[in-house]
Each structure stands twice: as C-alpha cells, then as structure tokens.
Amino acid sequence: MAFTFAAFCYMLSLVLCAALIFFAIWHIIAFDELRTDFKSPIDQSNPVHALVLPEYSIHSLFCIMFLCAQEWLTLGLNVPLLFYHFWRYFHCPADSSELAYDPPAVMNADTLSYCQKEAWCKLAFYLLSFFYYLYCMIYTLVSS
Amino acid sequence: MSETFKKQVNKSAEVPRPVRSPMQFPAGYGLHPPNYSVPSGHYSQVPNKAVSPHLDNQYRASYHSTYYSAPAQNVMTPPVGTNMLNTQESQQLYNKTSPQTAESTEGLIRGAVSSASYLHTSAQQSYSAFGNHYSTSVSSSVASQGFPLNSDHYTMPVVSSAMYPVSYPSAASDSVYGQAYISQSLPGVGQFKQTSAFSSQSTAVPHSLQQHVPVGYNSTLPAISSAQSVQDSLSRNLSGLLAKTNNQINTGGIDSLQPAQSVSQKAQYTKPGVGTSVSSAAVSSGRTPTPGLSPEPRSTPSVTQSPESALQKAIDSSSTTSSASPVLNNYDALEGGGYPETRSVTSSPVPAPSVPQTSKTSKPFGYGYPALQPGYQNATSPDPVQPSNSGHHPGLQHYPQQYTGVNQLSSSLGGLSLQHSQQPEGLRPVNLTQDRNILPVSSVPAPVPNLNSDLRKLNCSPDSFRCTLTNIPQTQALLNKAKLPLGLLLHPFRDLTQLPVITSSTIVRCRSCRTYINPFVSFIDQRRWKCNLCYRVNDVPEEFMYNPLTRSYGEPHKRPEVQNSTVEFIASSDYMLRPPQPAVYLFVLDVSHNAVEAGYLTIVCQSLLENLDKLPGDSRTRIGFITFDSTVQFYNLQEGLSQPQMLIVSDIDDIFLPTPDSLLVNLHESKELIKDLLSALPNMFTNTRETYSALGPALQAAFKLMSPTGGRISVFQTQLPSLGAGLLHSREDPNQRSSTKVVQHLGPATDFYKKLALDCSGQQTAVDLFLLSSQYSDLASLACMSKYSAGCIYYYPSFHHSHNPAQAEKFQKDLKRYLTRKIGFEAVMRIRCTKGLSIHTFHGNFFVRSTDLLSLANVNPDAGFAVQMSIEESLTDTSLVCFQTALLYTSSKGERRIRVHTLCLPVVNSLADVYAGADVQAVVCLLANMAVDRSVSSSLADARDALVNAVVDSLAAYMSTASNLQQSMLVAPNSLRLFPLYVLALLKQKAFRTGTSTRLDDRVYAMCQMKSQPLVHLMKMIHPNLYRIDKLIDESAIHVNDKVVPQPPLQKLSAEKLTREGAFLMDCGSVFYIWIGKNCDNNFIKDVLGYPNYASVPLKMTQLPEADALSSERTRSFISWLKDSRPLSPVLQVIKDENPAKTDFFQHLIEDRTEAAFSYYEFLLHIQQQICK
C-alpha cells in the first residue's frame, strides 16, 4: 500500500472526469434546447464555446499525466479521443475563437444531430472512464 | 364581423408574364419527327427496351394506387372537393351574372354545391378511366406497331397521324383494353369501403363499355348512336346506385339536400357514365364548344395571352371595386404566372366587361371543370339525356380532332388528364446519345404534379414554390434508390400582380403544429377541420364560419384562405415582438481614391436622387449616409440645418457615433438636405489621395447606428479593406486562376464579417453589398456580411463609369431596381411539411434560427431559397404531402404581414413514378446549391465529382429499373433528359469550371448567386437561352398588349447553330448578347442595328435603335418581352467576331468542347462509361 504517482494521477483524473461529465451533460442540454427551439443559435454558441476549450485542455492533461505515470493502457484508451479533439480544433471555422460550433451552421439538421451524437458519445466515454479510473486508482493503491 | 377582404396590387407590379404552358411541350416534340422517322437503324433495338411489359405493369400498378388513393381521400373529405368545385361553379355563375347579383344566385349555387360533390367524384371516375385508356393505348400501339419511342400519346398523332387509328381496332388493343380495365378497377373495390356501391359500379362500367369503345373508334355514326344509347341507359341505371353512395359521401359537407336537387342529381349521374364510357369523354366534353374555334396548333399561345390581358384589365377595374368581389377569389391565376389552365380558370371569374371574350377564349383549353359545366347546367333541364349526348359525341370525334391541333388537344387534355399524359411523357425513355434535339421549342415548363385537377388548380404556382420531385417517394429507401435529391426551391417574396390579402382578427391555424389553414386541409364537418400536416383535428372558429366573399354564413370551406394556396394575412399584434419598425436605409459609401477613380458615386447619387420618392416606406422612413476611406465620415442631416454637416471620426480602432440622433433622419423632413448632400457628394472627394479603405470600422459604425431600429445597410465597396478591423489580404494567386487542381480560398479569411452579420441579423439589420472593384477584393470574406444577414450581393468586376459602359449601365439598372423594389423588414420564414418529412439543410442568404425557422432581417423579392429534405418516417398512410412556407414580415408601410404558400404533392411508391415526376430544373438548382456548399467545405474537385456522380447514379438507377434496356445505350427518362446537359452546363459555369481562367472573385460571386437566386434566374445563368433573331416571323407569335411578339425556337448552345449568315440572341438572365455573323444580311443590320453593313457596327453597342422596319419592330418587341419577364432589366451587348467580349459569349456555348472541358457528346459518353463500370 503506497501512494504512487500513478495513484495520484488516477485520483486527479477522477475528480476532473466528473467535471468532464458535467460538461458533456451541459452540451447535451444545450443542443436539446436548440433543437426544441428554446434558444437562438447565437446565444447557444457562447456558453458552449466557453466550455469547449477547458474540456479539450483537461483531456490533454489526462493524457500527459498518464504518459508521465507510464500507464500505457489508460493512455492508449484516451489517445483516440485526444486525436479527435486535435482534429476538431484544427478544422474549426476560420477563427479559432469560434470553436466547433458555428452559429450559422449549427442549426443545419445534420450538424445538429452530429453535435448531439458527439455529446452523448462523450458522456458515455467519460462515465466509463470515470469508473475505470476509480478501479485503477484502487488497484494501484492496493497492489503497490 | 369586422372582416374585410381586399386585393392588393403590389407596388412593383410584375408585368404579366406569358409563361409557357406545359402544353406546348408536345408541340416541341412535334419537331422531332425527323428524328423519329429515321428508318429502322435505332428503332430496331428500341422496342426491346420500351415495350417492356415490366415497365408497363409497374405503371399500371402505380396508377391504380394513385387513382384510387386519391378518390379515397376525397371520399373521406367531401367538402374539400365540393368547395373546390364550388369556386368553379360560382365563378361560372358570376360570369353570367354581375358580381352584385351574386347573392341572388346563391340558391343556385347551393344547388350546385351539392351536385358538385357528385360531379367531383364522377370526374375522379373519369380520370381513372382515362388513365386506363391512356396506358392501354400506349401498350396497344406498342404491341401492334412496335413503335415504342413514340409511346407517348401526344407525339403519336403528330408523327404519324395515320398510324394511330389503325392500331386501335386491332384485336390486340381490344384485349389489352379489357385487361387494363379489369386490373385497374378491381383493386378499387377493396379500397373503398364506404363507397362500395360506387366502386363496384366503377368496375362494372368498364366491362360493359369495353365492347363499345373500340366500335366507337372505327365505325361511323350508327355505331355511335348505339354506343350512346347504351351509355344513356347505363348512366340512368347507375344513377340510382350513385345516389346512394353520393348521399353517403355527402353527409359531411353539404347537409342541405334540397328537393330540387334530385333533378340535378340525376342529370349529374349521367356524367359518370359519360366519363367512364369513352375513356376520354370528359376531355371531349370539355372540347365540345371548341370545334368552331379550333385554333391552329401554334397559335394557341396567342389565345392564352388574350385572356390574360383582358384579365389584367378586369383586375385593374375590380381591384378598386368592393372588397367582396369574386375576382379576388382565385389568386393562382390572377397572379399571372401559372399554366394556361389556371389562367383559363381565372378568366372565368372575371366579371362583367371582359366576360364574353374571356369565356370564349378559355373554352378551347378544355379545362376539366369549367368544361364540364355546360353539361351540368344543361343537366338542370328536365331531359337528362341531353348532357350525355353532348358529352358523348365529341368523345367519338376525339381522335379525328386530335389531328387538327396538337396544342389544342394537349391543352384540353391538360385540364383533365395531364397527370396521365405527364407520367408516360416523363417516363418515356430518351436515348441521349442518339437524340440530339432534346431542348424544347420554348422554355422548359415546370412539371405539373400528378394530382387530381381540383388540387392541381389550387396548388401553389411553380414560380414561387417548386419541389425537385413532384412525386414524393414513400420512403427514404425509395428516395435513396432514385438517387435524386429531394428538396424545395422557394421564391417566397416574389412580386405578384395580385394576391388575396386577408384582414381577420383571428388567423386560423392548427393548434398543435401552427400550420395556417390552407386549401389542402379537410373539413370533417362544418365545425372542425383536420390539419394536413400533423392530422390534428381543430375547431373552426366562429368568425371563420362567415364568408365575406359571398356574405354567407356556414361555409368555411369557401373562405379565401381555403381557396388560395398563396395568401397574405395582415397579422395582429400577437405576431409582433415590438411595434413594426419604420423603413430605415443606411448607405455606406467608399470614397477612397480607387472609388473616386471608378466614378460610381455619381451613378449612386444620381439614382438615389431620382428614386428618393420611390423608396418603399411611409412617413416614418429614415435615411442616413456614411462614407469612409481611411477615416469614417458621418453626415448630420438634422432638419433645420442650412446644409449637411460632415463629421469625421478618425479613431477607427474604437469607432463611435458623433451625434447619434441626427445621423439617421426622416426622409421627408430632411429631404432638401438629403438632396443637397447627394448632389454634393460626387464632387466632394474628387481630389482625394487616400488609398486606404477602412470598411470594417465603417460597418461597425453602421451597425451601431442601425441597431436601435433595424433596417437595411447598403455597402458600396471598391477595393480590398485595408485598415482597421476586418482588414483583408490578397489571397489570390493569379497564376492559379486556370489551375485544374485545387482552387483555394473559397471560404472566408476572417470571421469578422460573419460575426458582424450575425450581430446585424440579431438587430434586424441586413447588409447588402455592392462590390465594384477592378482587382481582387476577397469577395469570399466580404460576402459573409450579406450571407448571414439575409442581404444580397452585387458584383461588378472591372467597373468603370466610362471605360466599361456595359457594367455602368448594368449597375445603374440594378440600382434602380434595388432602390424601388418591395422590401420586408424583420422577417422570419418557417417551412413546415407533412409529418414524416424533415428539413435538413437550407440554402440562401439568412440566418438559421431553428430547425425550420429562418431569420431574415430583410426580405427582398429577388431572393430565392432552397431546402433539402429527407424522409424520416415512411409516408405509407398518406397519399398527399404538403409543404407550407409562412413568411412573417413588416412591410415598408409598417404593417405586419404573413405571406403563406402551400404546395401539395402526391406520394408514390414505385421508382418509375419518382422518375416520372422529377423536375429537372429544380434538381439541377438544388444540386448547384449543394455543390457550392461542398466546394467550400471540401474542395471544388469534390463538388465537380459529386455533380457528375449525381447524373451517373440517377441514370444508372433508372436504367437498372428498366431492366431490359440495353446497357450499351445511355437512356434517360424524358423528365430527366436535360439532366446531363444541365449538369455539364453547371460544370462549365464560372462557379465550378476548372482549366479556364477564372478570377477567384468571379467564381465566388457565381457561387453566391447560385445560393441566393430564385430558380428562374438561376436556370438562365446555368443554361442560357439562344434564339436566332435575324429571321423572326410572325408565325406562332403571341400577342402581348396589342404587340406581336415572335417566338423563335430555342437553339442548342453550340457553335454549330451559329451560322455566319445569322444573328443570334443569347439570354443569360442579366445580360443579352446579340451575336452578329460576318455574312449577316445587310438589311437586318441596317434595319435592326441602324448601320449600313457589318464592318460599321461599333464594338461597344448596348442599344438597339428604334427603326420602323418590320424586322426591327419584331426584334425589339421580342427583346422587350424577354425583359419584361424578369425584375432586373438586363444589359444588351452586341457582339461581333472582332469584339473582345466574344469570349464571354462563346463560353456560354456549353455543348461545345473547350480546351479543358468535355463537349456534350463526350460528356454523355463519359457518363455512359461510368455507368457501365
């Protein structure tokens, strides 16, 4: 029973993962409101945009921490999403200030459903990883 | 009741446009005989594919489903049918009586109402019968003659008149007849539970008739009379049967069965007999009055024209008369668009003065219902045999008459059975590689949906509302199989000459989906109606029961909302978020050195001065000016000043308004100051040395100025913005202009303009951009300011007031139109569609607020929109789908108004029907919109591939449905025969072409136009019309306002058509090119152009002199007729071979090979290769 760096990483990511789950739920709610006409896409874009960059950076932080802690399996699980985030970040419309959700385009039914699906998938991913981190944390704490 | 109905004559009244009738189509085919009569060679193979029993069967199967589902609908909803008929009925009556006496004839109308419902069903009957006849006649002729290419009913007579009757008496055709009837009518029995008597009778009729019909065709009078007598007895027998069913049907709609009716009922029932007996009886009865008139085939248009002008007069007079005038009833035709049938309908409601003329002229068109009416009116006479006689006789003459005038025939068929003629017509296989003359004689008509004639009459004009597939596939799977895009093309704020405007305290809408009540809803009973989009049953409000048109109570289905598919409501305060805004115009003018050099200021100020009083608006109208170079100048125009005050703000990083209150001033109060400013402005900056342009800060200032009210900002820019926020850098590499590889920089370089546009849109402000630059100015970025704020974009490459007079003239004309056209402020547009369909992408200039809501800060009559749709749920439980656009806007007079368009289309379940109903122009326009998106989001090469694939996939899918077509041939259904040509034209269009040197701005502008132009304009842009004008003749000319307008046939866009001896006119929408051949007749040059010979014609000639010579008169009347048909008056350019502008002309000859692109034939071969892969 020892408190290793890996254990610390898992504990921190556990806390931050909760935040990510919250972000994902926030997105889902926001897109749902858009779809059901409660909000204008212009209003929509602002709070969502505020959350996009934190989310991406938190997730990148995970990856760096796991890299340092040499948790290769966990890192491997997170890398696909990391690349996806990079891809999103560099394929966003002209100025990077408007991340991913372009107000004129977001109401396009295809885009909207894509965004919604993305948010749901992320929620699922973060939930699963939350329990995975919990398990790993206990495992590292117990095994070492 | 405080309701008033009035007619509004739009301010910018559109000149009645002689829209070509779809009926001319067959006539176009009349040109084909040379092709068809080419001996065996390509025919020998043809039967293989076209006789295809498979196809035929498909047809028939689909037919009965459509027919029988349609009546089923009607049975459920008798009042709809009734009320439609009623209009007819009452209109007819008004014809005879003056509008004032309309009330007194009401009793008569009542009677008519009840009988009308029978008439309606009977008409249904006759359609289906006719349909049978149709398809069988096709197959029979095929069987006996092996002449499948002409399997189209209409071309046959033209091509070989002798052949037709021959094929009929043959035993083969007889048997086919019987089969067809049985196979068609039997399933009907099962379907009609409510009307079992009726439908069983429908099976019975064909059986007995089957023996008589052929007799009628090949024998003479004795046979006729025998057939007739059988008919009569038959119909009399049937009447009893029918009475029962009809009473059943009747229960909902008309509960007042008056005793007097029984007579008319009986009389009515002779009709179904007639209708079914000789399959075309309904048609022929429509034609009964015509034999005397029977015009020449080609002169038909002239007949169509005259009712219109008469109508126009009538409208003018009636619009001033009482609000309840019956004329105002039928918008569809009044509006002056539409097809001749609609026109002839409306010609009947025209009151007193023009009645004799119009009724006379309307008759030849054998319009389903009006034509039946004489029969009906006879029917009230004691002798019921009479009408059946009149109906029957011509039925037998049907075929002989056919040969007298194809046009006449087709138009008379058009009323009743166009859906039948249309489908086979649309499906007729066309061998693209062998058929070279696929262009119609005159412009391509919009396909008419396969609906019954009531609905078709009520349907929205194709000019404002078009669907790519006029037969909606039942499921997404079927749509995917067809490989055609499903979408709508909208032109919602089009200038209309006549439009029913409804002032009502309650606007009746569905309570769950908020659909406006429209002609396609069904009335369950007097007090309830069923929404046609979500199927909810709603109550009819008390107020709606009163019909101010007839001043009667209890006829909700006769209200104008239910009689017109395009209406405008005056909205109450429920539809306002704030008090209606005044019209506010702000002009933002570039005054840098570059701008002064180009000299546009003079033109702008001049136009403004001329049109200051014509700017749409009321007493609250406000106007303001901002100019900018490296600083921003404001103009204080406050009333009371002795002269305009210029306020210069040089702090462009943090722009502010010097005197916020006095920059936007009331137009009327400060008119003198404004005029002073406008006359002074052009000379104020003549000596400027300022080359920088601070467009961004000027726009920010404009936004600040406009945000309290909203309105319109017009930006005039002549160069790349080079200072302050939103500055841009040149991104174009001139060496890459003709690159065949990657075209970059189609998207914006910065988000500044988009954000600004979104802010503006939020404050109900639209930004219109006039770009008059000679160099690259990054339109891709600048255009964003208009794209997302619902503005419009004009681009004048290499504009110079004196060096480039053609552009200057165009600019002037565009500006005049721009300043004076109608405008709607703070608008939103919602598009609703039947449950199961959903919208997934919008195209146009707007901001999408919600999945079906577009926010339009301004809406202008030249804006078009496109919508892509998908089918989310299968549409199996419905036979019709509807689309409704509602445009809520504030008029320039400060009224809140809602313009509602409703389109109704049938649902089909077979692939063949989907192809038959394809609207190739709409498909191409939608594809163009999609391709623009694709080239911005992905790459131009992708977009081009996608366009080619669209053709390849759809044609391959079509060829695989008709399995026995030979793979070695490229065959398209007739409805899509122009598809490859149009797509090739798109590929050679500035927006998508590669290899040819194209400036980036030109390309981007072409893309912007594709997104925002309405279909009619876009089609001219994609595929211009070419006419030969040196030998205009009066034959087939039409008459407009006492002027003879010759109608030269459309020529292929190929240099092979250009002869040195001729002169040609190319109509590209915004430009007319007149190309003069080197050896052109000197008389023509002298008379029309006013120069003695070819050599002396100047290079820059933009006007035709007014000469007295006949050829000059004809040419000018033809050109002015073309000009009248569009809002922007185009610029005329005379082109000679020495002229540098000739490249512009020759690049439009899209069927020819260019160094970088296929010729049409090569393109076809390419497609064929792709298909065979």
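From a predicted model like this one, the values you see are computed outputs, not experimental measurements.

Conventions used here
Residues numbered from 1 in each chain as written. Chains lettered and ligands numbered in written order. Predicted model: local features only at pLDDT ≥ 70, side-chain atom pairs only at ≥ 80, totals over all residues. Heavy atoms only, no water. Helix = DSSP H or I, 4+ residues; strand = E, 2+ residues; numbered from the N terminus. Expected span 1.5 Å × (residues − 1). Buried < 20%, exposed > 50% of the residue type's maximum accessible area, 1.4 Å probe, protein only. Arc of directions from axis to C-beta. Contact = heavy atoms within 4.5 Å. Pairing = 2+ DSSP bridges. Axes fitted to C-alpha atoms, helices over the stretch in contact; angles between N-to-C directions. Patch = residues over 30% accessible without salt bridge, like charges linked within 9 Å, V, L, I, M, F, W, Y side chains within 5 Å. Areas by Shrake-Rupley, 256 points an atom, 1.4 Å probe, with all protein chains shown as cover. Salt bridge = Lys/Arg side-chain N within 4 Å of Asp/Glu carboxyl O. Buried area = accessible area lost by both parts, 1.4 Å probe. Polar contact = N/O pair within 3.5 Å; in protein donor to acceptor, adjacent residues only side chain to side chain. Nonpolar A, V, L, I, M, F, W, Y, C, P; charged D, E, K, R; others polar.

Chemist: Would you mind going over helix α42 (residues 1160-1172) of chain B with me for this structure?
Modeler: Residue pairs spaced three or four apart in an α-helix point in one direction, given the helix's 3.6 residues per turn. All names here are of chain B. End to end, α42 covers 18 Å across 13 residues, agreeing with the expected 18 Å (1.5 Å per residue, within 8%). Among the residues of α42, Tyr1160, Phe1163, Leu1164, Ile1167, Gln1168 and Ile1171 are the ones counted as buried. What you see down the axis of α42 is that its buried residues fit within an arc of 140°, all on one side. If you follow the buried residues of α42, they end up packed against α35 (940-961) and α36 (979-987).

Chemist: Sorry, what's going on with the sheet that holds strand β22 (residues 837-843) of chain B here?
Modeler: Across a sheet, paired strands are connected by hydrogen bonds in the backbone, their directions being either parallel or antiparallel. Residue and element names in this part refer to chain B. The antiparallel open sheet is built from four strands, whose spatial order is β3-β5-β25-β22. If you trace the sheet from one side to the other, it starts and ends with β3 (465-467) and β22, each paired once. Adjacent strand axes in the sheet meet at a mean angle of 25° when their direction is disregarded.

Chemist: What's the story with the sheet that holds strand β33 (residues 1063-1067) of chain B in this structure? I'm lost.
Modeler: All names here are of chain B. What the five strands build is an open sheet, ordered β32-β29-β33-β34-β35; its pairing is mixed. Whereas interior strands pair on both sides, the edge strands pair on one side only; in this sheet they are β32 (1050-1051) and β35 (1131-1135). Here two bridges tie strand β29 (residues 1025-1028) to β32, and the two strands are oriented antiparallel to one another. In the strand pairing of β32, Tyr1027 is matched with Leu1050.

Chemist: Just checking my understanding: could you explain a nonpolar patch on the surface for this structure?
Modeler: Nonpolar side chains collect at one region of the surface, where Leu127, Phe131, Leu134, Ile138 and Val142 of chain A lie side by side and expose about 440 Å² of accessible area between them. Taking the relative accessible area as the measure of exposure, Leu127 of chain A reaches 38% and is therefore partly exposed.

Chemist: How do you make sense of the pairing of β22 of chain B when you look at a structure like this?
Modeler: For a regular strand, the rule is simple: side chains alternate between the two faces of the sheet. Residues and elements named next belong to chain B. Burial runs high along β22: seven of the seven residues are buried. Across six bridges, β22 lies against strand β25 (residues 865-871) in antiparallel orientation. Each bridged residue has a counterpart across the sheet, and for Thr841 the counterpart in β25 is Gln868.

Chemist: In this structure, what is going on with the interface of chain B and chain A? I would like to understand it.
Modeler: Each side of the interface is counted separately: chain B has 17 residues, and chain A has 19 residues. Interface of chain B and chain A: buried area, both sides summed, is about 1500 Å²; carbon and sulfur atoms make up 54% of it. Counting the contacts that link chain B with chain A gives zero residue pairs in polar contact (both at pLDDT 80 or more). By residue number, the principal contributor to the side of chain B that touches chain A is strand β23 (residues 847-850) of chain B, which donates four residues. Residue classes in the side of chain B that touches chain A are distributed as seven nonpolar, five polar and five charged.

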